[in-house]
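Architecture at a glance
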Amino acid sequence: MVTDTDHSTGGPPPDHDWERVQASPEFVELRRRLRVFVFPMTAFFLAWYLLYVILADYAHGFMAIPVVGNINIGLVFGLLQFVSTFVITGLYVRYANRRLDPVADKIRTDLEKKGA
């Protein structure tokens, strides 16, 4: 059963027009900033991973070249997949802290002021 109260606070539900919020210049800018980072970084990572898979499948001689002792280029490339994942995560956190969070905080603050 749906009621006209907000169960978390016991008061009336917030009166937000979410379509208006999504169309606001701040929200449009937030989405643009997110896409500017996410799409190129995703393309980079997928290309990097695909390069690793293709080399592993078709360049056995190259991937078997020893680097140090029993460690070969294939093992180094495989470990770099993990390293690149952590680097990308760190870059995203830094980017989000600087470019996304301030805009998201402003949107949230504006919504909370209108709802109060």
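This write-up is about the structure you can find in this document. Every residue gets a number counted from 1 within its own chain, in the order that chain's sequence is written. Residue-level local features of this predicted model are given only where pLDDT is at least 70; pairs of side-chain atoms are given and counted only at 80 or more, and the full residue set underlies all totals for whole chains, interfaces and linings. Side-chain measures here rest on the full set of heavy atoms in the structure, leaving out hydrogens and waters.

1. A few points about the pattern of salt bridges
Each salt bridge in this description consists of a side-chain nitrogen of Lys or Arg and a carboxyl oxygen of Asp or Glu lying within 4 Å of one another. Tallied over the entire structure, the rule returns six salt bridges. Arginine 33 is the salt-bridge partner of glutamate 29, the closest N and O atoms lying 2.9 Å from each other. With glutamate 29 and arginine 33 both in helix α2 (residues 25–58), this residue pair falls four residues apart, about one helical turn. Only protein chains enter the accessibility calculation, which uses a 1.4 Å probe; a residue whose area is less than 20% of its type maximum is buried, one above 50% is exposed, and one in between is partly exposed. Owing to a relative accessible area of 24%, glutamate 29 belongs among the partly exposed residues under this scheme. Helix numbers and strand numbers start at the N terminus; a helix is a DSSP run of H or I with at least 4 residues, a strand a run of E with at least 2.

2. A short note on the packing of aromatic side chains
Pairing of aromatic side chains here covers Phe, Tyr and the six-membered ring of Trp, requires ring centres within 6.5 Å, and sorts the geometry by plane angle: under 30 degrees stacked, over 60 edge-to-face, intermediate tilted. As enumerated under the stated definition, the model contains four aromatic pairs in all. On the numbers, 6.3 Å between centres and 80 degrees between planes, the contact of phenylalanine 62 with phenylalanine 77 is edge-to-face. Placement of the pair is phenylalanine 62 in helix α3 (residues 60–63) and phenylalanine 77 in helix α4 (residues 73–115), with a sequence separation of 15 residues. Taken together, the ring pairs connect Phe37, Tyr92 and Tyr95 into an aromatic cluster.

3. With respect to the nonpolar core
The tendency in soluble globular proteins is for nonpolar side chains to be buried side by side. In this structure, Val21, Leu30, Phe37, Met41, Ile88, Tyr95, Ala96, Leu100, Val103, Ile107 and Leu111 together form the largest nonpolar core, which totals eleven residues. Broken down by secondary-structure element, the contributors of at least two residues to this core are α2 and α4. Top contributing element to this core by residue count: α4, with seven residues. Residues within four places of methionine 41 in sequence aside, it is in contact with Ile88 and Leu91. In this structure, Leu55, Met63, Ile73 and Phe77 belong to the second largest nonpolar core, which totals six residues. Here, nonpolar core refers to any group of buried Ala, Val, Leu, Ile, Met, Phe, Trp, Tyr and Cys residues whose side-chain atoms link them within 4.5 Å. Contacts are assigned to residue pairs with any non-hydrogen atoms lying within 4.5 Å of each other.

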